[in-house]
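# Inside the fold
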Amino acid sequence: VLSSSGINAEYGGKMFGITGWRLGWAFGHSALIEKLLRICKRDTFCCASILQHVVAGMLRRQRLCEPPEETYYTWAGNIYKENYKKLSKAFTDANMPVVAAEGGFFMIVDCSKRSFEFQKSAEYVTLDEDLDVKIAKGIVNNFKLAILPLSLFCNPSGKNKLTNYLRICFAKSSETVDRAVTIIRSFE
């Protein structure tokens, strides 16, 4: 039961593996929703009706699953837990410690303990960027693994605290994560 002081905001993109659709919703106590609508009045339109129908159908299907443990949420949750374990082991073995997560779709890894061959190149040494940005660029360019520097998600005043961390999504298919694990294991 949601308390009278909370709002539950959800997003169909990650939930159903349809990123890019940008379709979300919120529910909670009516007094809070009323205030939310005042703040977000311009964000509640411009979503194609077909997208709304598809996500509504997917949500409806969840209520009809029998037995309940066979819902998309359970199925996807089990895959994501397994993906998290696989990636966590691969990064830990590669001397890139994982910051434990308690929710979400992204894993945070510490890139400060690991050195890469590409860090010796003149191009890398002359880059005037934070460590996480340089490491992420090196991993993307040399290993073709999509990974993001965490400092890019921060305002400039708090950025310095997060320049040793990278972010990677584990809300992917098992096959995609298995390919990522193979790449991580190939780090020289």
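Residues numbered from 1 in each chain as written. Predicted model: local features only at pLDDT ≥ 70, side-chain atom pairs only at ≥ 80, totals over all residues. Heavy atoms only, no water.

## Considering the overall build of the chain
A tally of regular secondary structure across the chain gives 7 helices and 6 strands. Listing the helices and strands of the chain from first to last along the sequence gives β-α-β-α-α-α-β-β-α-α-β-β-α. Every one of the 188 residues in the chain was classed for burial, and the buried ones make up 32%. For the chain, the accessible area works out to roughly 12,100 Å², and carbon and sulfur atoms hold 56% of it. (Helix = DSSP H or I, 4+ residues; strand = E, 2+ residues; numbered from the N terminus. Buried < 20%, exposed > 50% of the residue type's maximum accessible area, 1.4 Å probe, protein only. Areas by Shrake-Rupley, 256 points an atom, 1.4 Å probe, with all protein chains shown as cover.)

## Some thoughts on helix 4 (residues 72–93)
In this model, helix 4 (22 residues) spans 31 Å end to end at C-alpha, consistent with the 32 Å of a helix rising 1.5 Å per residue. Those residues of helix 4 that fall on the buried side of the exposure criterion are Y72, A76, I79, Y80, N83, Y84, L87, S88, A90 and F91. At the C-terminal side of helix 4, N95 shows a positive phi close to 60 degrees. (Expected span 1.5 Å × (residues − 1).)

## A few points about the side chain of K134
Structurally, K134 is set in helix 6 (residues 131–143). Although buried, K134 forms no salt bridge, and the nearest oppositely charged side chain, D128, lies 7.2 Å from it. Non-local contacts of K134, meaning those with residues more than four positions away in its chain, are made with F118, Y124, V125, L127 and E129. (Lys, Arg positive; Asp, Glu negative; His and termini not counted. Salt bridge = Lys/Arg side-chain N within 4 Å of Asp/Glu carboxyl O. Contact = heavy atoms within 4.5 Å.)

## Looking at the confidence of the model for the chain
Mean pLDDT over the chain: 84, with 89% of residues reaching 70 or higher. Across the chain, element-level confidence peaks in helix 7 (residues 174–185) with a mean pLDDT of 96 and bottoms out in helix 1 (residues 12–15) with 73. (pLDDT = per-residue confidence, 0-100.)

## A few points about the layout of surface pockets
What the second largest pocket holds in volume is close to 300 Å³. For the second largest pocket, the lining is made up of 16 residues, of which L145, A146, I168, C169 and K172 are closest to its centre. Mapped onto the lining of the second largest pocket, the elements with two or more residues apiece are strand 6 (165–169) and helix 7. Sorting elements by how many residues they give to the lining of the second largest pocket places helix 7 first, with 5 residues. Here the residues of the lining of the second largest pocket sort into 11 nonpolar, 1 polar and 4 charged. (1 Å grid on protein atoms, 1.4 Å probe; cavity = no way out; pocket = protein on both sides within 12 Å on 5 of 7 lines; lining within 4 Å. Points joined across faces, edges and corners; volume = space filled by probe spheres on them. Nonpolar A, V, L, I, M, F, W, Y, C, P; charged D, E, K, R; others polar.)

## Topic: the environment of A90
In this fold, A90 is placed in helix 4. Looking at A90, the relative accessible area reads 2%, which means it is buried. Considered as a pair, A90 and T182 are 92 residues apart in the sequence and their alpha carbons are 8.4 Å apart.

## A few points about the packing of aromatic side chains
Each aromatic ring pair is summarised here by two numbers: the centre-to-centre distance and the angle between the ring planes. Within this structure, the stated rule accounts for 7 aromatic pairs. Judged by centre distance (5.3 Å) and plane angle (80 degrees), the ring pair of Y84 and F170 falls under edge-to-face. Pair noted here: Y84 is in helix 4 and F170 is in the loop between strand 6 and helix 7, with a separation of 86 residues, a long-range link. As far as burial versus exposure is concerned, Y84 and F170 are alike and both buried. The structure contains a cluster of three or more aromatic residues connected by ring pairs, namely F116, F118, Y124, F143 and F187. Above the face of the Y124 ring, K134 is positioned so that its terminal group lies 4.8 Å from the ring centre. (Phe/Tyr/Trp six-rings, centres within 6.5 Å; stacked < 30°, edge-to-face > 60°. Lys NZ or Arg CZ within 6 Å of the ring centre and 35° of its normal.)

## As for the sheet that holds strand 4 (residues 106–110)
Working definition: the strands of a sheet are paired by backbone hydrogen bonds and lie parallel or antiparallel to each other. The antiparallel open sheet is built from 4 strands, whose spatial order is 3-4-6-5. With partners counted over all chains shown, the strands left at the sheet margins are strand 3 (98–99) and strand 5 (148–149), one partner each. One ladder, built from 2 bridges, connects strand 5 with strand 6; its direction is antiparallel. Within strand 6, the residue paired with P149 across the bridge is L166. Sitting on the sheet, helix 6 touches strand 5 and strand 6, and the angle it makes with strand 6 is about 45 degrees. (Pairing = 2+ DSSP bridges. Axes fitted to C-alpha atoms, helices over the stretch in contact; angles between N-to-C directions.)

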